[in-house]
Amino acid sequence: MRHILHADFDAFYTSVEQRDNPALRGKPVVVGGSPEGRGVVASASYEARRYGIRSAMPMYTALQRCPKAIRVPPRFDRYGEVSRQVMVIFREIAELVEPLSLDEAYMDVTDVVTASNTPEDIAAHLRARVVRELGLTISVGVATSKSVAKIASDMNKPDALTVVPPGEEREFLAPLDIQKLPGIGPKTAERLRGDGVNTVAELIAQSDTWWAKRFGGTAHHMRRLALGEDRSPIIEHRERKSASAETTLSTDTGDPDMLRELVDRLSQRVARQLDSTGIGGHTVKLKLRLSDFTTFTRQVTLPAPVISPDEIAVAARSLLTPEIQPGRHFRLVGVGVSGFEGSDDLPHQPRLTGF
Ligand code: TTP
Ligand code: MG
Ligand code: MG
């Protein structure tokens, strides 16, 4: 049996800002782009969440919901620094560490567990150390698998320790909404709800044929997740590749409506790739090839990661618009997302580039 911890900072970006600037403490704070520049909320303090403010919400909407909320522009360098510091602590307490994003990681502590040092003790000690050394709180989930530990760490946020004892995984998951399971995004959830399946209990009650129909090749894996029997190992270094999609047109076109519609379709394909990992990227790229085979890309790096088809499409369309010019015909269009949280290709400054 393994003992896995999942740790995740509470309101990461905003907590760092509140720590560094005492005037922000105890107040509704949002980190993200400006409302005029169509910015979105990257992180909202728990005080701001009481007003219904959430990550990925347009900043304009957030400030409408809570006009006295204080907006702070993101400082990615600072968050990267804190992230490296917490990962050092994680590596000191656990044998294996798999960072998932800047603010969270899985840890396998199986080898350090003893009768007098239970997984719960290790987690409590870890939480205390992070508060003492970094002045920030993390929520931790303790379980026998990655998926259950991750769901547990999110359960009682903020500043919480949630333990799922061995053997109780199934009961723990049963009452939860299906979307709590990793791999069930909004699209899949919608289809399952159409079958009257809303909770994990209802999911595991379905027949083999239903599972095969709904999940195809991943049915076996997903069923294990739903039963709390996820066996996936802690992976020390995870590759996060970019997600992209492109199409060569049957006839070259310069028609703005056709091109925009194509960009939307490609954005949906890219979003589906991102949906499988649940990780958004900061950079949206548009690739274009003209009738004469000249190929070029345009890209934009955004303060908050994009993951939904609409977010990707809005950014990609904004790159497309200036390229539509009289007499210009396109033979290929591509859309891509990169710049994932915690990866090396994330630039330190939001920027607008073309090459
Ligand atoms: P999360 O861990 O998802 O969120 P959080 O730490 O702000 O809040 P909590 O964990 O307590 O629910 O993401 C970590 C950071 O990643 C977050 O502080 C900002 C960034 N982020 C975005 O930029 N955009 C997003 O849509 C999300 C979800 C996160
Ligand atoms: Mg967090
Ligand atoms: Mg996180």
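Residues numbered from 1 in each chain as written. Chains lettered and ligands numbered in written order. Predicted model: local features only at pLDDT ≥ 70, side-chain atom pairs only at ≥ 80, totals over all residues. Heavy atoms only, no water.

**So, the site of ligand 1**
For clarity, the threshold we go by: Consider each residue's heavy atoms; a residue with any of them within 4 Å of a molecule or strand counts as near. N or O atoms closer than or at 3.5 Å make up a polar contact, with two conditions inside protein: a donor-capable atom paired with an acceptor-capable one, and, for residues adjacent in sequence, both atoms drawn from side chains. Areas reported as accessible are Shrake-Rupley estimates using a 1.4 Å probe. Residue values count occlusion only from the protein chains shown. Put simply, DSSP H or I for four residues or longer makes a helix, DSSP E for two residues or longer makes a strand, and each gets a number counted from the N terminus.
Neighbouring ligand 1 are 17 residues; Asp8, Ala11, Tyr46, Arg49 and Pro305 lie closest to it. Arg49 has a polar side-chain atom sitting 2.8 Å from an oxygen atom of ligand 1. Separating an oxygen atom of ligand 1 from a side-chain N or O atom of Lys157 is a distance of 3.0 Å. Within the complex, 80% of the 550 Å² of free accessible area of ligand 1 lies under protein. Broken down by secondary-structure element, the contributors of at least two residues to the shell around ligand 1 are β1 (4-9), α1 (12-20), β3 (41-44), α2 (46-49) and β11 (295-306).

**A look at the coordination of the magnesium ion (ligand 3)**
Basically, it comes down to this: Donor selection uses N, O and S atoms within 2.8 Å of the metal (3.2 Å for Na, K and Ca). Since no water is included, sites may look incomplete. Each residue is assigned to one of three classes by its accessible area relative to the maximum for its type, calculated with a 1.4 Å probe on protein chains only: buried under 20%, partly exposed between the two thresholds, exposed over 50%.
Bound to the magnesium ion (ligand 3) on the protein side are Asp8 (OD), Asp103 (OD) and Glu104 (OE), at distances that span 2.2 Å. Mapping the donors of the magnesium ion (ligand 3) onto the primary sequence yields the spacing D-x94-D-E. In this structure, the magnesium ion (ligand 3) lies 3.5 Å from the magnesium ion (ligand 2), and both are coordinated by Asp8. Linking Asp8 in strand β1 with Asp103 in the loop between β5 (96-101) and β6 (104-108), this pair joins segments that are 95 residues apart in sequence. Taking the relative accessible area as the measure of exposure, Asp8 reaches 10% and is therefore buried.

**So, the coordination of the magnesium ion (ligand 2)**
Geometrically, a metal with four donors at the corners of a regular tetrahedron has ideal angles of 109.5 degrees, and one with six donors at the corners of a regular octahedron has ideal angles of 90 or 180 degrees. Around the magnesium ion (ligand 2), the protein contributes the donor atoms Asp8 (OD), Phe9 (O) and Asp103 (OD), which lie 2.0 to 2.3 Å from the metal centre. When the donor residues of the magnesium ion (ligand 2) are listed from N- to C-terminus, their spacing reads D-F-x93-D.

**Some details on the sheet that holds β5**
Basically, it comes down to this: When DSSP finds at least two bridges between two strands, those strands are taken to pair. Only the stretch in contact is used when fitting a helix axis, every axis being a line fitted to C-alpha atoms; angles between N-to-C directions are given from 0 to 180 degrees. Note on definitions: a residue-residue contact is assigned when non-hydrogen atoms from the two residues lie within 4.5 Å.
Taken in spatial order, the five strands line up as β5-β6-β1-β7-β8 in an open sheet, and their pairing is mixed. Either end of the sheet is taken by a strand with one partner, and the two such strands are β5 and β8 (161-163). The average angle at which neighbouring strand axes cross in this sheet is 15 degrees, direction not considered. Contacting β1, β5, β6, β7 (138-143) and β8, helix α6 (residues 146-155) crosses the sheet at an angle of about 140 degrees to β7.

**With respect to the nonpolar core**
Our working rule: Throughout this description, the term nonpolar core refers to a set of buried Ala, Val, Leu, Ile, Met, Phe, Trp, Tyr and Cys residues connected via side-chain atoms within 4.5 Å.
Leu5, Phe9, Phe90, Met107 and Leu126 are the most contacted members of the largest nonpolar core, which has 35 residues in total. Elements with a contribution of two residues or more to this core: β1, α1, β2 (29-32), α4 (76-93), β6, α5 (119-134) and β7. Examining the composition of this core, we find that eight residues originate from one element, α4, more than from any other. By size, the runner-up hydrophobic cluster in this structure holds 30 residues, among which are Ala149, Ile178, Trp210 and Leu227.

**So, the packing of aromatic side chains**
Which entries qualify depends on this criterion: Centres within 6.5 Å are what make two rings of Phe, Tyr or Trp a pair, Trp counting through its six-membered ring; a difference in plane orientation under 30 degrees is then read as stacked, over 60 as edge-to-face, and the rest as tilted.
Across all of its chains, the model carries nine aromatic pairs by this definition. The interplanar angle of 10 degrees and the centroid separation of 4.8 Å between the aromatic rings of Phe9 and Phe12 together place this pair among those described as stacked. Exposure remark for Phe9: the relative accessible area of 2% places this residue in the buried category. Residues Tyr13 and Phe76 carry aromatic rings whose centres are separated by 6.1 Å and whose planes lie at 80 degrees to one another, so their mutual orientation is edge-to-face. With Tyr13 in helix α1 and Phe76 in helix α4, this residue pair connects regions lying 63 residues apart in the sequence. Judged on exposure class, the residue Tyr13 and its partner Phe76 are both buried.

Without other data, these values stay purely geometric and don't point to any function.
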